[in-house]
2 protein chains.
Amino acid sequence: MALRHAVLAVLLSGEFSGYQLAKVFDTGVANFWYAAPQQLYVELAKLERTGLVDGRLVIQLDRPNKRVYTVTEAGVAELVRFAEVEAKPAVIRDDLLVKVHAVDRTDARAVVAQLEDRAVQAAAKVELFDGTLQTLRGDLDEDAFLATGERIGPYLTCLRGKRFEQENLDWCRRGADLIRARWGAEMRDPGA
Amino acid sequence: MALRHAVLAVLLSGEFSGYQLAKVFDTGVANFWYAAPQQLYVELAKLERTGLVDGRLVIQLDRPNKRVYTVTEAGVAELVRFAEVEAKPAVIRDDLLVKVHAVDRTDARAVVAQLEDRAVQAAAKVELFDGTLQTLRGDLDEDAFLATGERIGPYLTCLRGKRFEQENLDWCRRGADLIRARWGAEMRDPGA
DNA sequence: TTCAACATGTAATAAGTTACATGATTCT
DNA sequence: AGAATCATGTAACTTATTACATGTTGAA
């Protein structure tokens, strides 16, 4: 859709290489914009060609050199334009929910296992986001930071991410318990 | 990714035409699988060619004829296989969150307006899902339905959708308030 | 020396989006 | 007569995914 804007928005927080960006997208940003690492390299190259970001080679002695990017004035202008056009509805595509939707006719045991996996991942994300929030607000408490902090955008999106993962965690646990309660027999005695 | 399985999962609830399916995807299912109507016609045709669904022409006197689809045994088998492979991480792509992430450098007024729009949509979805949940559980209360109901999959995914939209609603309102509180001056005096 | 993390890409394929196209039927 | 809803598609284009490919540096 518009990975371009997601990349520009992240780059507002500082210089990032493709590799660093990939990590950010894999952890924090994935809550509102999923992107694979390969996409990011392609997108950054495109963004630089069109003048929305500046790239700069950083020579590192302790590890391989890298190219880091910053948003240009044209890049900020593009974000401003983007902010003003009507937002499209969010796109969500989640295999696991599809599996749960169909669970009554498929393999309850497999679905429970995946709900448990997802619960563990969600718990980790809750912790991660909590740490990010603390870092962002520094010494201030939440209300003070939101009233006076320099940039509240990343804080707000992180808050949303944390809530989302918290809900995910609760739902996965409850779902797993309920499915287990109903298909307990088959789970102990496969193929029943 | 795999619209195929989402369509099969929905079709487990009964016969649907492409048009009806599009409505279901636009409202309920969009919470875990977004798909445009055009995709569904293509997918149904493909699914029928590969024998995962059966199509049947329904002649209607009061409106145009339609073709309705049901899942075949092969289709159920495909869902079973799908349930057993590891679920990919969920894909989320949300313009509005990108805009909020960048709000400190763009147009706070425009973002607030879109947060308010989204809040209204979220509130409507909460109501919608609440109605769906009531319909699904009939006379039973939630716990009784989840323990004894015929199909709990759709109920569980609907519960997740309702929670998601409830959180969305709260977050949009809070975000709009906070952004307004900080950029109040510019909002009253544009371009300041 | 082997593993993990750092670092960056390309190419083929699959999937999704947007625009275009058509037509029936009911209601106002 | 016109609008709204029902109903179904195709084609061009844009994006995203998967597989492949390569190389550095530090730590065990």
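Conventions and cut-offs
Residues numbered from 1 in each chain as written. Chains lettered and ligands numbered in written order. Predicted model: local features only at pLDDT ≥ 70, side-chain atom pairs only at ≥ 80, totals over all residues. Heavy atoms only, no water. Least-squares fit on C-alpha atoms with pLDDT ≥ 70 in both. Contact = heavy atoms within 4.5 Å. Pairing = 2+ DSSP bridges. Helix = DSSP H or I, 4+ residues; strand = E, 2+ residues; numbered from the N terminus. Axes fitted to C-alpha atoms, helices over the stretch in contact; angles between N-to-C directions. Phe/Tyr/Trp six-rings, centres within 6.5 Å; stacked < 30°, edge-to-face > 60°. Buried < 20%, exposed > 50% of the residue type's maximum accessible area, 1.4 Å probe, protein only. Lys NZ or Arg CZ within 6 Å of the ring centre and 35° of its normal. Patch = residues over 30% accessible without salt bridge, like charges linked within 9 Å, V, L, I, M, F, W, Y side chains within 5 Å. Areas by Shrake-Rupley, 256 points an atom, 1.4 Å probe, with all protein chains shown as cover. Salt bridge = Lys/Arg side-chain N within 4 Å of Asp/Glu carboxyl O. Domains from an automatic or database assignment. Buried area = accessible area lost by both parts, 1.4 Å probe. Polar contact = N/O pair within 3.5 Å; in protein donor to acceptor, adjacent residues only side chain to side chain. Nonpolar A, V, L, I, M, F, W, Y, C, P; charged D, E, K, R; others polar. Expected span 1.5 Å × (residues − 1). Arc of directions from axis to C-beta. Disulfide = S-S within 2.5 Å.

Enquirer: Looking at this structure, how should I read the relation of the copies chain B and chain A?
Expert: Copies of the same chain, two in number, are related to each other by a rotation about an axis and a translation along it. Expressed as a screw transformation, the operator carrying chain B onto chain A has a rotation angle of 180 degrees and an axial translation of 0.0 Å, and the superposed copies differ by an RMSD of 0.1 Å. The two molecules are tied by a two-fold rotation axis, judged by turn and shift. Closest approach to the rotation axis within chain B is made by the C-alpha atom of B:I92, at a distance of 2.3 Å. Take the interface residues of chain B: 100% of them recur as interface residues in chain A, which is what a same-surface contact looks like.

Enquirer: Is there a simple way to explain the sheet that holds strand β2 (residues 53–58) of chain B in this structure?
Expert: Residue and element names in this part refer to chain B. If you walk across this open sheet you meet the three strands as β1-β3-β2, and the pairing is antiparallel. Sheet topology places β1 (16–17) and β2 at the edges, where each strand pairs with a single neighbour. When β1 meets strand β3 (residues 66–71), the two strands line up antiparallel, connected through two bridges. Bridge assignment links F16 to a residue of β3, and that residue is Y69. In the packing of helix α3 (residues 37–49) onto the sheet, contacts are made with β1, β2 and β3, and the angle to β2 comes to roughly 115 degrees.

Enquirer: Quick question: what am I supposed to make of the packing of aromatic side chains here?
Expert: How two aromatic rings sit relative to each other is set out by the distance from centre to centre and by the angle between their planes. One pass over the structure, following the stated rule, counts three aromatic pairs over all chains. Look at A:F145 and A:Y155: their rings are 4.9 Å apart centre to centre, the planes differ by 45 degrees, and that puts the pair in the tilted class. Note that A:F145 is positioned in helix α7 (residues 142–148) and A:Y155 in helix α8 (residues 153–182), a separation of ten residues in sequence. A:Y155 carries the same exposure label as A:F145, and that label is buried. Above the face of the B:F82 ring, A:K99 is positioned so that its terminal group lies 4.8 Å from the ring centre.

Enquirer: Is there a simple way to explain the sheet that holds strand β3 (residues 66–71) of chain A in this structure?
Expert: Strand pairing in a sheet takes place through backbone hydrogen bonds and is either antiparallel or parallel in direction. Residues and elements named next belong to chain A. The three strands are arranged β1-β3-β2 in an open sheet whose pairing can be described as antiparallel. Bordering the open sheet on either side are β1 (16–17) and β2 (53–58), each of which pairs with just one other strand. Across the sheet, helix α3 (residues 37–49) lies against β2 and β3, angled at about 115 degrees from β2, the strand it touches most.

Enquirer: Explain a nonpolar patch on the surface to me, please; I cannot follow it from the model alone.
Expert: Taken together, the side chains of A:L57, A:I59 and A:L61 make up a nonpolar region of the molecular surface, amounting to roughly 390 Å² of accessible area. Within the secondary structure, A:L57 sits in strand β2.

Enquirer: Is there a simple way to explain the environment of B:M187 in this structure?
Expert: Residue and element names in this part refer to chain B. Among the secondary structure elements, M187 is positioned in helix α9 (residues 184–188). Along the chain, M187 and K88 lie 99 residues apart, while their C-alpha atoms are 42 Å from each other. Once residues within four sequence positions are removed from consideration, M187 is found in contact with A108, R109, V112, I179 and R180.

Enquirer: Is there a simple way to think about the domain arrangement of chain A in this case?
Expert: Much of the literature gives interface size as the accessible area that the parts lose upon coming together. Residues and elements named next belong to chain A. For chain A, the domain assignment lists domain 1 (3–84) and domain 2 (95–187). Distance between the C-alpha centres of domain 1 and domain 2: 26 Å. In this assembly, nine residues from domain 1 lie in contact with nine residues from domain 2. Sorting the residues of domain 1 by area buried against domain 2 places T27, N31 and F32 first, and these three jointly supply 65% of that buried surface. Put simply, domain 1 and domain 2 have zero salt bridges between them. Inspection of the domain 1/domain 2 interface yields three residue pairs in polar contact (both at pLDDT 80 or more). Partitioned by chemical class, the residues of the side of domain 1 that touches domain 2 number four nonpolar, four polar and one charged.

Enquirer: Help me out: how do you make sense of α3(A) in this one?
Expert: Along an α-helix, a turn takes 3.6 residues, which lines up residues three or four apart on a common side. All names here are of chain A. Look at α3: 19 Å from first C-alpha to last across 13 residues, which is about the 18 Å you get at 1.5 Å a residue. Buried residues of α3: L40, E43, L44 and L47, and no others. Along the axis of α3, the buried positions cluster into a sector of 105 degrees, meaning they face one direction only. Among the exposed residues of α3, those pointing more than 90 degrees away from its buried face are Q38, V42 and R49. Residues of α3 that are buried sit in contact with α1 (3–11), α2 (18–26), β2 and β3. Of the residues flanking the end of α3, it is G51, one or two places downstream, whose phi is positive at about 80 degrees.

Enquirer: Explain the state of the cysteines to me, please; I cannot follow it from the model alone.
Expert: Using the criterion set out here, one finds zero disulfides over all chains in the structure. Distance from the sulfur of B:C158, which forms no disulfide, to the nearest cysteine sulfur (A:C172) is 16 Å.

Enquirer: Which parts of the structure should I look at to understand the interface of chain B and chain A?
Expert: Each partner contributes to the interface: chain B provides 72 residues, whereas chain A provides 72 residues. For the pair chain B and chain A, the summed buried area comes to about 7,000 Å², and 61% of that belongs to carbon and sulfur atoms. Looking at the side of chain B facing chain A, the largest losses of area belong to B:R93, B:H101 and B:R160, adding up to 12% of the total buried there. At the boundary of chain B with chain A, the tally comes to eight salt bridges. A:R174 is the partner of B:E142 in a salt bridge, and the nearest nitrogen-oxygen pair spans 3.1 Å. Linking chain B to chain A there are 44 residue pairs in polar contact (both at pLDDT 80 or more).

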